[in-house]
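What the coordinates show
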Amino acid sequence: MSIRNNSNRLVNPMARQALDKFKLEAAQELNVSNEYKSGYWGNITSRECGSVGGQMVKKMVEQYENQLANGTTTQITN
């Protein structure tokens, strides 16, 4: 079974593998149950899953803030 089986759409589908790796790294940092290593997250508590998502967002914001401080960001346009 794949790690992802939801209907979320990525802006860049090429990022899927990198995001899955990022998710596993965040779970490892937080010492959540080792059951995620199988790729199936159904046995992980909602609290643990939320912590992993929160850790990912925290790291992404931190990286973007560092890019802003260094002047290395690209302009976001809609």
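Coordinates for the structure precede this section.
Presented here is a report on the structure given in the accompanying data block. (Residues numbered from 1 in each chain as written. Predicted model: local features only at pLDDT ≥ 70, side-chain atom pairs only at ≥ 80, totals over all residues. Heavy atoms only, no water.)

Counting its regular elements, the protein chain contains 2 helices and 0 strands. Evaluated residue by residue, the protein chain yields a buried proportion of 17% over its 78 residues. When contacts within the protein chain are restricted to residue pairs at least 6 apart in sequence, those whose partners lie at least 24 apart make up 37%. Total accessible area computed for the protein chain in this model is approximately 6,300 Å², and 49% of it derives from carbon and sulfur atoms. (Helix = DSSP H or I, 4+ residues; strand = E, 2+ residues; numbered from the N terminus. Buried < 20%, exposed > 50% of the residue type's maximum accessible area, 1.4 Å probe, protein only. Contact = heavy atoms within 4.5 Å. Areas by Shrake-Rupley, 256 points an atom, 1.4 Å probe, with all protein chains shown as cover.)

Quick look at the pattern of salt bridges now. Oppositely charged side chains are able to pair whenever their charged atoms sit close together. Across all of its chains, the model carries 2 salt bridges by this definition. The closest approach of N and O atoms between Glu 25 and Lys 21, which form a salt bridge, is 3.9 Å. Of the two residues, Glu 25 and Lys 21 are both situated in helix 1 (residues 16–29); the distance of 4 residues between them amounts to about one turn of the helix. A salt bridge links Glu 29 to Lys 59; the shortest N-O distance between them is 3.6 Å. Of this pair, Glu 29 sits in helix 1 while Lys 59 sits in helix 2 (residues 46–70), placing them 30 residues apart in sequence. (Salt bridge = Lys/Arg side-chain N within 4 Å of Asp/Glu carboxyl O.)

This next bit is on unusual backbone geometry. Non-glycine residue Asn 31 carries a positive phi angle of around 55 degrees. Structurally, the position occupied by Asn 31 is in the loop between helix 1 and helix 2. The exposure class of Asn 31 is exposed, given its relative accessible area of 68%.

Next up on the list: helix 1. Because the α-helix completes a turn every 3.6 residues, residues three or four places apart line up on one side. For helix 1, built from 14 residues, the straight-helix expectation of 20 Å at 1.5 Å per residue is met to within 8% by its first-to-last C-alpha distance of 20 Å. Within the sequence span of helix 1, burial applies to Asp 20, Lys 23, Ala 26 and Ala 27. An end-on view of helix 1 places all buried positions within 120 degrees of arc, on one side of the element. Across helix 1 from its buried face, at more than 90 degrees, point the exposed residues Gln 17, Ala 18, Lys 21 and Gln 28. In this fold, the buried residues of helix 1 make contact with helix 2. Positive backbone phi, approximately 55 degrees, marks Asn 31, located one or two places after helix 1. (Expected span 1.5 Å × (residues − 1). Arc of directions from axis to C-beta.)

Function-wise, these values are silent; they only describe arrangement.
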